[in-house]
Amino acid sequence: MVTIYIDNKPYEVKPGKNLLETCLTLGFDLPYFCWHPALGSVGACRQCAVKMFKDADDKTGRLVMSCMEGVTNNQRISISDKTAVDFREGVIEWLMTNHPHDCAVCDEGGSCHLQDMTVMTGHAYRRFNFKKRTHVNQNLGPFINHEMNRCIQCYRCVRFYKDHAGGEDLDVFASKNNVYFGRSEPGTLESEFSGNLSEVCPTGVFTDKTLKSHYTRKWDLTMAPSICQHCSLGCNIIAGERYGDLRMIANRYHGDINGYFICDRGRFGYEFVNAPNRIRQPLHMGQPVDESQMISEISTLLTNSKVIVIGSPRASLQSNFALKKLVGVASFHKGVSQQEQALMELAASILKDGSVHALTMKETEKADAVFILGEDLTNTAPMLALAVRQSVRQQPMLEVSKLSIPEWNDAAARELIQDKKGPLFIATVVETKLDNIATRTFRAAPQDIARLGFAVANLIDSSSPAVANLSEDEKMLADSIAKSLLTAERPAIISGTSCQSDAVLRAAANVASALHKQNKNTGIVLTLPESNSLGLALMGGQSLNAAFEKVKTDQVDTVIILENDLYRHGHAKIIDEFLSKCKSVIVIDHSTNATTSKAQWNIPAGTFAESDGMMVNNEGRTQRFFQVYEKPTIKESWRWIMNIGSAVGNTSIQQWKNFDSVTTAMAHEENLFSGIEKVSPLSNFRMIDGQRVPREPHRYSGRTAMLANVAVSEPKPPEDQDSGLSYTMEGTRALAPSTMIPFFWSPGWNSVQSVNKYQEEVGAALRGGNPGVRLFATTSSQSQYFNEVPEKFKPGENKLWIVPIHHIYGSEELSAKSNSVSKRVSQPYILINAEDAANLQLSEGQVIEFEMDGQSIKLPVMLSTSISMGLAGIPIGLPKLSFIDCPGWGLLNK
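Model, not experiment: these values are computed from the prediction.

*Asks:* Looking at this model, I keep getting lost on the overall build of the chain. Mind explaining?
*Replies:* Scanning the chain for helices and strands turns up 26 helices and 36 strands. At 28 Å, the chain has a C-alpha radius of gyration in line with the 29 Å of a compact globule built from 894 residues. Reported as C-alpha extents along the three principal axes, the dimensions of the chain are approximately 90 × 75 × 55 Å. Put simply, the chain has 894 residues, and 62% of those count as buried. Restricting to contacts in the chain with at least 6 residues of sequence separation, those with at least 24 account for 74%.

*Asks:* Got a minute to help me understand the side chain of Gln500 in this structure?
*Replies:* Structurally, Gln500 is set in the loop between strand 21 (491-496) and helix 18 (502-518). Leaving out residues up to four positions away in the same chain, Gln500 has contacts with Gln339, Glu340, Leu343, Pro804, Cys886 and Pro887.

*Asks:* Help me out: how do you make sense of the packing of aromatic side chains in this one?
*Replies:* Aromatic rings in a pair are described by how distant their centres are and how their planes are angled relative to each other. Under the counting rule described, the total for this entry stands at 17 aromatic pairs. A centroid spacing of 6.2 Å and a plane angle of 35° characterise the contact between Tyr32 and Trp749, whose relative ring orientation is tilted. Within this pair, whereas Tyr32 is found in the loop between helix 1 (19-25) and strand 3 (49-53), its partner Trp749 is found in the loop between strand 29 (725-726) and strand 30 (773-774), the two being separated by 717 residues in sequence. The buried category is assigned to Tyr32, whose relative accessible area is 2%. When its relative accessible area of 0% is taken as the criterion, Trp749 is described as buried. Members of the aromatic cluster, joined through ring pairs, are Phe160, Tyr253, Tyr260 and Phe261. Arg76 extends its terminal NZ or CZ atom over the ring of Tyr5, reaching a point 4.0 Å from the ring centre.

*Asks:* What should I look at first to understand the packing of helix 8 (residues 291-303) against helix 22 (residues 637-647) in this one?
*Replies:* A pair of packed helices is captured by two measures, namely the crossing angle of their axes and the spacing between those axes. With their axes 9 Å apart at the nearest point, helix 8 and helix 22 run at an angle of 60° to one another. Taken together, the axis directions place helix 8 and helix 22 in an arrangement best described as oblique. For the crossing formed where helix 8 meets helix 22, the hand is right-handed. Where helix 8 abuts helix 22, its residues Glu291, Met294, Ile295, Ile298, Ser299 and Leu302 lie against Trp640, Asn643, Ile644 and Ala647.

*Asks:* How should the pattern of salt bridges be read in this particular structure?
*Replies:* If charged atoms from side chains of opposite charge come close, those side chains can pair. If you walk through the whole model with that rule in mind, you get 50 salt bridges. Across the pair Lys17 and Glu761 runs a salt bridge whose closest N-O atoms are separated by 3.3 Å. Of this pair, Lys17 sits in the loop between strand 2 (9-13) and helix 1 while Glu761 sits in the loop between strand 29 and strand 30; the two residues are 744 residues apart in sequence, bridging distant segments of the chain. Note on Glu761: relative accessible area 17%, which makes it buried. A salt bridge links Lys433 to Glu192; its shortest N-O distance comes to 2.9 Å.

*Asks:* Please explain the environment of Ile237 as it appears in this structure.
*Replies:* Along the chain, Ile237 falls in strand 11 (residues 236-242). Owing to a relative accessible area of 2%, Ile237 belongs among the buried residues under this scheme. Along the sequence, Ile237 and Ile249 sit 12 residues apart, while their C-alpha atoms lie 6.5 Å from each other. Excluding its chain neighbours within four sequence positions, the residues that come into contact with Ile237 are Ala224, Pro225, Ser226, Ile227, Cys228, Ile249, Ala250, Asn251, Arg252, Ile262 and Phe608.

So, how was this worked out
- Residues numbered from 1 in each chain as written.
- Predicted model: local features only at pLDDT ≥ 70, side-chain atom pairs only at ≥ 80, totals over all residues.
- Heavy atoms only, no water.
- Helix = DSSP H or I, 4+ residues; strand = E, 2+ residues; numbered from the N terminus.
- Rg over C-alpha atoms; globule rule 2.2 N^0.38 Å.
- Buried < 20%, exposed > 50% of the residue type's maximum accessible area, 1.4 Å probe, protein only.
- Contact = heavy atoms within 4.5 Å.
- Phe/Tyr/Trp six-rings, centres within 6.5 Å; stacked < 30°, edge-to-face > 60°.
- Lys NZ or Arg CZ within 6 Å of the ring centre and 35° of its normal.
- Axes fitted to C-alpha atoms, helices over the stretch in contact; angles between N-to-C directions.
- Parallel < 35°, antiparallel > 145°, perpendicular 65-115°, else oblique.
- Left-handed = near helix turned anticlockwise from the far one by under 90°.
- Salt bridge = Lys/Arg side-chain N within 4 Å of Asp/Glu carboxyl O.

Structural data, given as structure tokens:
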């Protein structure tokens, strides 16, 4: 620690930081624009000026930009010095000469960093009376609205988009005194992280176009802390509601997971919650029924039937547990294909029983050598791809530290390292967006990707299984990867389930285990298919195929399906037979799909916005999402099951009263989930003087006007029985536990930049610790190696080995139902190597027919030079594409 003096008062602070972040950590209000905690300092805006003095006797001092000055012992600065104050006010005044007077109609009005900083500097009157510079706005696609006239040239947008996220189609264009931030021509922003511009921009240049379509001031939103539902990473989000509709998703800072950013699928995929065809009331044979009638009839039905239940990888832990408790583990089925279940359970075993630490995304950013096996991260786990982009800077940054340039000095660091990158090796079926930063790439069938992994593990530790019949190129590549991983301080091995290969997962585990013998800092990251896939894998239960068999052999006649479209996990013919043979099909879900259309009973489940629940992310961290708002006819799936279980006389379920009791029962009965009751405070938690934590900001307006068509007086708001949050603005403004923070706000800080007031130090954990409880602790014992090395892939004659390809927009079920995301969804196709196509006399766009697992499939051809000969890729999960159980052989029809 070092001592610095701010306005003649001493403070003990950490060395290695700059003055701006140090002052913010200490609680001072110091204005800034170009600096961002995730992007570092460039000193462009000159807004954070302070007066620095040589020593206690120096009365004159000099102005310095606090973001460009490192902390040193006995340093003396003044924030309140008149020269510094006047300078900061003058900078704002110059910025305002071209900024429009449109706060009243700006989407960011009232939650704008520029407004906050203007007030903070004391600038209150505009003396500029001349014509303002204006620009033409661009259509940037369905996600982002562009209003260039509001720009203050802080350069944050291009620094995030280009430097941090690797985007190439947004840039800065300048001529004389005109500076323009946009694309070379109008068009959809290509980056998967473009939505972050709406939070990175300190003004209203880039705003959320989906929010604009049903606009609400951010202080008029009812908000709650939540978890993204669209992949397995568990990014933290804030969900905001108004008039009974979900209006906005914003990033919720988590120091170990997503930090300051989220991907576009997570930000804009929420609109399925507002879909007009959602299930919003109990239905019997498609007709609305009363809730009490439904409970009575279903309880009678279950009492007189032989019942099985099917769980879901997108339903909460509580809902899956309640369903299992309703009928017992022998009748609980996991609701995914046999291959998907095997992969989920294998991944869970590697993480749970292995000796290698499962890395957080923040730790992945700090990895100095990365080996990716089988995963196209940009499409399956986008925020992990963003973390990998930061990891390739770690080794070049050693040169920066050797010259005593601090890590936060982004301008100097990037000038020094230029395009240098650390070791990143990517072995995938097709090309990926990370290829342009990779040291080497390897395109092959999943079997050969696994063989490369096994070979690398053997080079690191000869006691792991060897691989025969490698080509010379493969041997050289394996040797290069092994050497890079061995010389790294913090190597990371990344893999997952997306290429549907257990051999790839085993190979990744072997590499990580072999490396861990040499280096205890080794980490592993495995991605899974859906938001709670790992939680479902740990739950126990039977396979989906076993459910099919029980119905086929008349062992059962009734099925309850939880938040699961079975047609995404099995062949349509098999699912049709299964559902038609059931006497009764009961579906608990929030969105209509092929499965709900076949149900006799549809029970309206709450989405994440209307529910409380927990999920387990890919690292084994259990996190809670809180209900944002209540809907009278919609309940959480676990609450419906609790009501049904009580009606049928299930004595265990009859003991449950609320979310706490379900969670406590699960923690006590399921050994693997021990400790989840500590994820969030209990429902009786209260803050100062017994007050709740308000979901609404204190500026919330329109409480009576919103329901004036119903009653002139404000009705009594609902009372949350499942948490210490209130559904209103009533409650304390004191700092809530990190799990329960519904939005970030602090006096003078109305924008998302107020998060610095909630952190232990700027850029570090939230006060009280980052949310979530990790279920797995790595063991000290060494993992056993997997020995099943696959055979080398051999192309077939008149057939192609069909492999899955994932799209960030379309492959995931719920986001594809969002109006804005649906505009980015591709049409189905089959990706074929150009040489194979020539041999088969196929051309681009030609429709071909092939058979796979008894299915006849017709798709247009898309040619590629990146996919290996003998392979064909099919985009999995696209709305117009039926389930295909791949990888497997596809027989071409002449």
